[in-house]
Amino acid sequence: MLRILIAVACIELSTFTNAQSKRTTSNQEDANNAEEEHPISMESIQGVAGQRATLPCDIQPREPNDAVSMVLWFKADSREPLYRYDARNRQFGKATTTLWNASHVWGDKATFRASPPAQLTIRDLRESDEGIYRCRVDFRNSPTRNFKVNLTVIVPPAKPIIYDAKRRDMSKLLEAYPEGADLFLVCEVHGGKPRPRVAWFLESRIIDAPSEIRETQGPGGETNLVTITNVTVKGLARNHYHAKLYCKASNTHLIPPSTTAVVIEIHMKPLKVEIIGKDKILSAGKRYETRCQSTGSKPPAVLTWWKASKQLKRTSKNFQEDGTSVSVLQWTPSIEDEGKFLVCRATNPKLQEAGLEDRWKLKVHFAPLVTLKMGSPLNSESIKEGDDVYFECNVKANPRAYKLTWFHEEEELRYNVTAGIVLSDHSLVLQRITRESAGRYTCTAVNVEGRASSNAVNLEVMFAPICKHVRNSTGWRYQNATSPSSSPASSYDAHERVQGASKHETISLVCEVEASPTSVTFYWTFNTSGDLTDIPSTKYSNEGTSSRLDYTPSSDMDYGTLGCWASNLVGPSKQPCLYRVIAAGRPYPLQNCTVHDRTGSSWIRISCVEGYDGGLPQRFVAEVNDQRLESANPYWELELREPTTVALYAVNIKGSSDPVIMEGEALKGVAKFTGESVSSVDMSPILIGLSGTATGLGLIVTGVLMALWRKHAASPAKPKPPPQQQPSIATFAGKGDEEEGNPDLIPTTALTNHLADRKSLRYGSLPRRPRQLEGREMSHDVVEDSDYPRASPNTFYSLQRPHRYSETVIRSAVIQESCI
């Protein structure tokens, strides 16, 4: 039964549908016919491909009780509807939509909305959707109404592509440009309907740029249009940094322009570089930290340090501080840096040629650098005595040296024209130099940074040979002796060495000289009785600056003065080395030995009068038990706690005198010994005064006698002392006859005659004896006399002492007077 009912319903529905279709077709034909008879209003609508478009349609009924029955959409002249809105079945509460044979056109992209304002919305427009559309509205009571819409589909252009001059797509490449460079870009826009307008914008500011249209063939042979425009941004500046450059293509206001942007990246030069603390004064050798900073560089600047075009590496530390590039240099200035420039250079690593630098002219203080040299015209190898020499002291100092000092062998030299020392600015002049001027010279300069000495310059002075023992007492110059070739012998200021010798005794005389150059030749001369003879070269030998002569006197005529002469490249010696050979023997025993004891003490004092010294320097010896006491004077202080024996004697190089023996009984009181014991008397103040008066008178008498001897000289006579009598000073005091006097005192006739001989000397004649030995010569016969005391085994080795013969005579006279 149910199946029958369903079948009946389906038949009725089919019948109704066919009836309605026939009616609709009839109504469409009526509407089409009416459209041809009445003009239809048209509205233009634009849509963008890919977007949606809204086609309006007026479906409002003009009569109050009327209503829309159906809405049909047609394209152009097509009689087949593309879209149908059916509102006839209202009993169901909604309208029915039906697509008639138009799925190939819109498909499901079209949607009609009946609520006011009524409109057909088409999604995802295509260029093929463009055309004139007609909307037909059927009312239930009113006549059918038609409305036309002219749909224009706008095809937007493709996204612009920005190229550089190398055809590189700058939208995919981040490229930085140097500051100040020109930026050239090309924008290409493909397609677009209608033809798009392409424009350049720098940020929001439009840039005028020409454009052109080119046609290109697509892969399918179709023709495509390309819009091309170029732009050049002149002189990229800092305000362009990170600015956006846009290329915009637009052909409708319905959608935003198609845009491609390029961010401008710029490599910027440093704006500023500065060395901090450039007003500082530096000291050589001290360590400093110097800071340099730079701003404005993109990317950050690299800071480097330079000094005199040489880069300072591994001594700086670079870092960033609040967007500022900073470099700290640790360095030690040297003397050579004075006046040089320390440079801090800021360089963009991408713009090596566009660096910026700050320069600091260095002021470096340093202690003096002192260099000493001899004057350039001088030949240091040929300087000799008498020449003038000068030195130049070159001083490099900052600040300038305020003191300059000269030294010779560590001794400061001062301005002294008399001594030939002249100081002028940075030079030293030595006038008329002598051998003492030789040695090391230095100069010293002082400034606020310190004190420095120069190198040492050694001055070598060539000079003729001179005896080592002949010197001037001033110590600065050697004495200027007169050459024997131009002056008589009496003008010599020579010093003799006295050498005692017995007959047939061989003595060695060594002559040593100072000379420069040291290549020296020697010859010896002998002078006696005014005759000067040469000694054969076979008698002496030479070695360097010394010569040795072995000399043996055989007779009285062989005693005299030997002269040693030397010469070198400079010339001969100005005076010879003199050796006075005299007849000599052992000294005589001591005389008038007196003992003084100290009351209440074990100490005693012994004093004696010296005897004849044998022609040689002598010393005095006291032997107490096993103790040996030497003295330059015959005077001793001894401590004797028990009676003992004291032996007193004189010694010289030839031996010792016979001793004077003082027995232990000397402690009993003051005793005087002159070979046999004699009592001694203490000297009262009256006697001391008389002794002083006698001494003064003796000195006056001696001076008068010496003056008479020199004025009235006579031929010398050889004094002969008594063969067995010991000479004593009492003999001279008690007798007026010189022949029987003390052999220590030379008779007046002998002295007078000897001085007469000296007055007759001329060139080639050497003095027979030094002045300190005048009146002290001992006869050769006395030396050879068999009764002369022989040498004692107690010989004395130190024989150099001042000659005191005249003093001995005076002292002996005084003592004699005090003992009378």
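Our subject is the structure that appears above.
Residues numbered from 1 in each chain as written. Predicted model: local features only at pLDDT ≥ 70, side-chain atom pairs only at ≥ 80, totals over all residues. Heavy atoms only, no water.

**Student:** Would you explain the overall build of the chain in this entry?
**Tutor:** Within the chain, the regular secondary structure consists of six helices and 56 strands. Scored against the burial criterion, the 820 residues of the chain give a buried share of 41%. Carbon and sulfur atoms form 51% of the exposed surface of the chain, whose accessible area is close to 44700 Å². (Helix = DSSP H or I, 4+ residues; strand = E, 2+ residues; numbered from the N terminus. Buried < 20%, exposed > 50% of the residue type's maximum accessible area, 1.4 Å probe, protein only. Areas by Shrake-Rupley, 256 points an atom, 1.4 Å probe, with all protein chains shown as cover.)

**Student:** Is there a simple way to explain a nonpolar patch on the surface in this structure?
**Tutor:** Together, L697, I700, V701, V704, L705 and L708 make up a nonpolar patch on the protein surface, roughly 530 Å² of accessible area in all. Position of V701 among the secondary structure elements: in helix α2 (residues 685-711). (Patch = residues over 30% accessible without salt bridge, like charges linked within 9 Å, V, L, I, M, F, W, Y side chains within 5 Å. Salt bridge = Lys/Arg side-chain N within 4 Å of Asp/Glu carboxyl O.)

**Student:** Got a minute to help me understand the state of the cysteines in this structure?
**Tutor:** In a disulfide, the sulfur atoms of two cysteines are covalently bonded to one another. According to the stated counting rule, one finds seven disulfides in the structure shown. Put simply, C292 and C344 are joined by a disulfide, and their sulfur atoms are 1.9 Å apart. An S-S torsion of about -90 degrees defines the bridge between C292 and C344 as left-handed. Of the two residues, C292 is situated in strand β22 (residues 288-295) and C344 in strand β27 (residues 341-348); the sequence distance between them amounts to 52 residues. (Disulfide = S-S within 2.5 Å.)

**Student:** Before we go on, may I ask you to explain the nonpolar core in this structure?
**Tutor:** Generally speaking, soluble globular proteins have nonpolar side chains that are buried together. With 27 residues, the main nonpolar core has L55, V71, W73, F112, L120 and L151 as its most contacted residues. Every element with two or more residues in this core is listed here: β2 (53-56), β3 (68-75), β4 (83-86), β6 (110-113), β7 (119-122), β8 (131-139) and β9 (145-154). If near-sequence neighbours (up to four positions away) are discounted, L120 is found in contact with A53, T54, L55, W73, Y83, W106, A110, T111 and F112. Judged by nonpolar contacts, the second largest core, of 23 residues, contains Y540, Y551, Y559 and A583. (Core = buried A, V, L, I, M, F, W, Y, C linked by side-chain atoms within 4.5 Å. Contact = heavy atoms within 4.5 Å.)

**Student:** I'm lost on the pairing of strand β45 (residues 560-567) in this one. Help?
**Tutor:** Each regular strand shows side chains that alternate between the opposite faces of the sheet. Along β45, seven of the eight residues are buried, which leaves the element largely enclosed by surrounding structure. The pairing of strand β41 (residues 521-528) with β45 spans seven bridges and is classified as antiparallel. Across the sheet, residue W524 finds its bridge partner in β45, namely C564. Of the pairings in the sheet, the one linking β45 to strand β46 (residues 577-583) comprises five bridges and is antiparallel in character. Note on β46: the bridge partner recorded for T561 is R580. (Pairing = 2+ DSSP bridges.)

**Student:** Is there a simple way to think about unusual backbone geometry in this case?
**Tutor:** Note on backbone geometry: most residues besides glycine have negative phi, and most peptide bonds are trans. Cis geometry marks the peptide bond from P116 to P117; its omega dihedral reads -10 degrees. Mapped onto the fold, P117 is located in the loop between β6 and β7. Looking along the chain, the bond that leaves K193 and enters P194 is cis, with omega of -5 degrees. With respect to the secondary-structure elements, P194 resides in the loop between β12 (183-190) and β13 (197-202). One non-glycine residue, H242, lies in the positive phi region at around 65 degrees. Within the secondary structure layout, H242 lies in the loop between β16 (223-233) and β17 (244-250). The class of H242 is partly exposed, set by a relative accessible area of 42%. A positive phi angle, close to 70 degrees, is found at E410, a residue other than glycine. One can find E410 in the loop between β31 (403-408) and β32 (411-413).

**Student:** I keep staring at the side chain of D66 and nothing clicks. Help me out?
**Tutor:** As for its position among the elements, D66 is in the loop between β2 and β3. Each residue touching D66, except ones within four places of it in the same chain, is listed here: P61, F139, R140, N141 and S142.

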